Amino acid sequence: MKENNQLKKTITIILCCLTIFCLKAQVTLSTDFTNTEDQKTPLHDIWGVANRISPKTGSNVRSDLKMNIVRMIGGINKRGKGKRQMDLEFDTCLYDSINNVYVYQWKPLIKRLNKIINSQTEIFQIVLDQPPWAFQHGYTFIPKGTKDGVNFSEDERMTVYGNALPPADKQAYHDYIKALMTKLVETYGKEKVRSWRFRVGSEIETPEHWRGTKEEFIAHFANTEKAIRAIVPDAKIGLHTRAPNFLYKKGSVLNYKGKPFASFAKDFITYCYDNNVRYDFWGVSDYVIIGNKKHRDMEGKFEELFGGLVNHPKWNAETKIDLMEYATVTKMVGPNGYVNCSTSHREIVELEFSNQFYANKDKGLSRIYRWGNRKGSEDRPAIKTLKTMVGKTHYKTTSSGSPAESKNTLKAIFAKKQNASNYDVLVYNYNANSLAYKEKEAVRISFTTKLPVGSLLYYRSMAYGEAHNGLQNFLKDHRASLKKESDNKGDAKHILNKAGQAAYKLYENPNPYKFGVWKKVRTIAPTNGGTGSVIQVETEIPSFAFEKLEFRSKSARRKE
């Protein structure tokens, strides 16, 4: 009998040892909250701006977001008799061909701006991107499909977005912009206008947005910048381009001068430096198509999107850099649409992008603008969770060890509330090489504090991954709800048939993400013999999942 008991004890010890061995972290993510060299700036809200195209009835976006309003000054088109036509209803400038003068009409603009302001949504940026149709006056258009290297053709007169031509009369446009800024200051006051950004152009190397040449845009920007500063000298002015290495359709499409549409960045930066033209911010676009391995290479995003800017010898280092159009999608649909990715892959792509922005904040990276986000909507889990850390001081992450799956990337964002024992850790598991869900990764979270050894803290955690995603859970039991040949990573609106959409509206996710109970943890002595103490917690992070851990003192915990 004693032998049997001894055998049971031995087996139990062996099983415990095996369990400990199996759960031993492959990767350790750590920081030192006592080290000023690891301390960075407070985390800011990267995802706090929403795009809206020429809204007529107010903002219609959530009140917690700021607005970038596009195509506000005119130059847009409308559908009529089966084809696009000029829409002059919102043009802020018309051309009087009888008296040969430009006539300003501010009422449509002021009416729309007032509705936005009265809806309690803060305007972040106004885009001066489509010149009013009046500024096509003076052009001679040659027949459709022809080029003479001098004139625009009839089929270049109007694009899917409206007027994409440079103003023919540069001085008239300069005077118009001065008059526009004067009207805004008269209506809203200089302080309010100074708080807004003014962007010149949208994705300017794309012919649907700009039919002119690189040289014509550079001159257009300089002309506009000078006019704005004549009225508001310290206005914030910038532009929106494609990536610095951009080449439209591999160079197969030529402008009216017979040259391909390619990045303007290098020559623009050089011109502004040599001619004392100031740009305060610069926007780039990026849509990550989740099925495209190259698009998912987040480590290469900085160099791809921003390297050609910040590494230019004449770059203005004070410039803020934003992604002014962004979405994680399964595919693009026409010039104005896409299908959102709705699996947990999206959450981790967006956390990885956020981490890139925080890591390169000193180089000017600032914000990411999104479409949608209408009233009644809410942020996706990853962004919603990240925003709970805004305002806390960011600290550098140190990683050691190797993941069990060699292509997995395990990262963390560490943050601390100043002058308090209040620590947040957001850890995630990303794989740019494969979208497959693999085995969980064992991770140790470790950080150094100023607390005495043996101090008691409380912590809780909240995990989100494939197992918590409502649509993914729904599809496990409702495969018949998918449309034929549909990508199951898209949003419900696009991938579910009518019966599926109806069923999904009534579906209650059986495993929503939420915080668990508070647990106790005590600080231990640093292994390097240093001062302070260390907190260590072991966890497991599934593929394309994140976990938020919050550590609090007893008093701080009561306030949560």
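Residues numbered from 1 in each chain as written. Predicted model: local features only at pLDDT ≥ 70, side-chain atom pairs only at ≥ 80, totals over all residues. Heavy atoms only, no water.

(A) Looking closely at the overall build of the protein chain. Looking only at helices and strands, one finds 13 helices and 24 strands in the protein chain. In terms of overall dimensions, the protein chain has C-alpha extents of about 115 × 55 × 45 Å along its principal axes. Across the protein chain, every contact between residues at least 6 apart in sequence was considered, and the portion connecting residues at least 24 apart equals 75%. Computed over 88 positive and 59 negative side-chain charges, the separation of the two mean positions in the protein chain equals 5 Å. (Helix = DSSP H or I, 4+ residues; strand = E, 2+ residues; numbered from the N terminus. Contact = heavy atoms within 4.5 Å. Lys, Arg positive; Asp, Glu negative; His and termini not counted. Charge placed at Lys NZ, Arg CZ, Asp CG, Glu CD.)

(B) Layout of the pattern of salt bridges. Counting across every chain of the model gives 30 salt bridges. Between Asp 64 and Arg 62 there is a salt bridge; the shortest N-O distance is 3.0 Å. Several salt bridges converge on common partners, so that one network encompasses Asp 45, Arg 62, Asp 64, Arg 370, Asp 379 and Lys 387. (Salt bridge = Lys/Arg side-chain N within 4 Å of Asp/Glu carboxyl O.)

(C) Region of the structure containing helix H5 (residues 214-231). With 18 residues, H5 ought to run about 26 Å at 1.5 Å a step, and its terminal C-alpha atoms sit 27 Å apart, in line with that. Residues of H5 that are buried in the fold lie against strand E9 (123-128), helix H3 (170-188), strand E10 (197-200), strand E11 (236-241) and helix H6 (265-275). (Expected span 1.5 Å × (residues − 1).)

(D) Broad picture of the confidence of the model for the protein chain. Chain-level pLDDT for the protein chain is 93 on average; 95% of the residues reach the 70-or-more range. Across residues 7-22 the pLDDT falls below 50, and counting only partners more than four positions away or on other chains, this stretch makes zero contacts in the model. (pLDDT = per-residue confidence, 0-100.)

(E) Seen up close, H3. Between its terminal C-alpha atoms H3 stretches 27 Å, which fits the 27 Å expected from 19 residues at 1.5 Å a residue. Along H3, the residues classified as buried are Ala 172, Tyr 173, His 174, Tyr 176, Ile 177, Ala 179, Leu 180, Met 181, Leu 184, Val 185 and Tyr 188. You can read the cap of H3 off the contacts: a side-chain oxygen lies 3.3 Å from the backbone nitrogen of Gln 171, and it is on Asp 169. Within two residues after H3, Gly 189 carries a phi angle of roughly 90 degrees, on the positive side. (Buried < 20%, exposed > 50% of the residue type's maximum accessible area, 1.4 Å probe, protein only. Polar contact = N/O pair within 3.5 Å; in protein donor to acceptor, adjacent residues only side chain to side chain.)

(F) The arrangement of the environment of Pro 244 in detail. In this structure, Pro 244 sits in the loop between E11 and H6. On the basis of relative accessibility, which here comes to 16%, the residue Pro 244 falls in the buried class. Note: C-alpha distance between Pro 244 and Gly 307 (63 residues apart in sequence) is 7.9 Å. The residues contacting Pro 244, other than those within four sequence positions of it, are Ser 263, Ala 265, Glu 304, Leu 305, Gly 308 and Leu 309.

(G) Main features of the sheet that holds strand E17 (residues 398-401). Read from one edge of the open sheet, four strands run E17-E1-E20-E23, paired in mixed fashion. Sheet topology places E17 and strand E23 (533-541) at the edges, where each strand pairs with a single neighbour. Strand after strand, the sheet turns through a mean of 20 degrees between neighbouring axes, direction not considered. Bridging between strand E1 (residues 27-32) and E17 involves four bridges; their strand directions are antiparallel. Across the sheet, Leu 29 pairs through a bridge with Ser 399, a residue of E17. (Pairing = 2+ DSSP bridges. Axes fitted to C-alpha atoms, helices over the stretch in contact; angles between N-to-C directions.)

(H) Here's a closer look at the nonpolar core. With 91 residues, the main nonpolar core has Leu 184 and Trp 282 as its most contacted residues. Residue contributions to this core peak at 10 residues, all from H3. For Trp 282, the contacting residues outside a window of four places in its chain are Leu 239, Thr 241, Ala 265, Phe 268, Ile 269, Leu 309, Trp 315, Thr 319, Lys 320, Ile 321, Asp 322 and Met 324. If you look at the next biggest cluster of nonpolar residues, it comprises 23 residues, including Phe 33, Tyr 395, Leu 410 and Ile 445. (Core = buried A, V, L, I, M, F, W, Y, C linked by side-chain atoms within 4.5 Å.)

(I) Main features of a positive patch on the surface. Taken together, the side chains of Lys 520, Arg 522, Lys 554 and Arg 557 present a region of like positive charge at the surface. Counting residues per element, the ones that place at least two in the positive patch are strand E22 (519-522) and helix H13 (554-558). Within the element layout of this structure, Lys 520 appears in strand E22. (Patch = residues over 30% accessible without salt bridge, like charges linked within 9 Å, V, L, I, M, F, W, Y side chains within 5 Å. Areas by Shrake-Rupley, 256 points an atom, 1.4 Å probe, with all protein chains shown as cover.)

(J) Structural detail: the packing of helix H10 (residues 470-477) against helix H12 (residues 498-506). As a packed pair, H10 and H12 sit with axes 11 Å apart at the nearest point and diverge in direction by 120 degrees. The orientation of H10 relative to H12 falls into the category oblique. For the pair H10 and H12, the sense of crossing is right-handed. Taking contact as the criterion, the partners of Gly 470, Leu 471 and Phe 474 in H10 are, on H12, Gly 500, Ala 503 and Tyr 504. (Parallel < 35°, antiparallel > 145°, perpendicular 65-115°, else oblique. Left-handed = near helix turned anticlockwise from the far one by under 90°.)

(K) Region of the structure containing unusual backbone geometry. One non-glycine residue with positive phi stands out, namely Glu 203, at about 40 degrees. With respect to the helices and strands, the residue Glu 203 is situated in the loop between E10 and H5. Look at Glu 485: it is not a glycine, yet its phi comes out positive at around 60 degrees. Its place among the elements puts Glu 485 in the loop between H10 and helix H11 (492-495).

(L) Local environment of the packing of H5 against H6. It is at 10 Å that the axes of H5 and H6 come closest, and there the two elements cross at 40 degrees. The orientation of H5 with respect to H6, classified from their angle, is oblique. Considering only the axes of H5 and H6, their crossing is right-handed. For the pair formed by H5 and H6, the contact residues are Lys 214, Phe 217, Ile 218, Phe 221 and Ala 222 on the first element and Asp 267, Phe 268 and Tyr 271 on the second. Residue composition of the contact of H5 with H6, by class: six nonpolar, no polar and two charged. (Nonpolar A, V, L, I, M, F, W, Y, C, P; charged D, E, K, R; others polar.)

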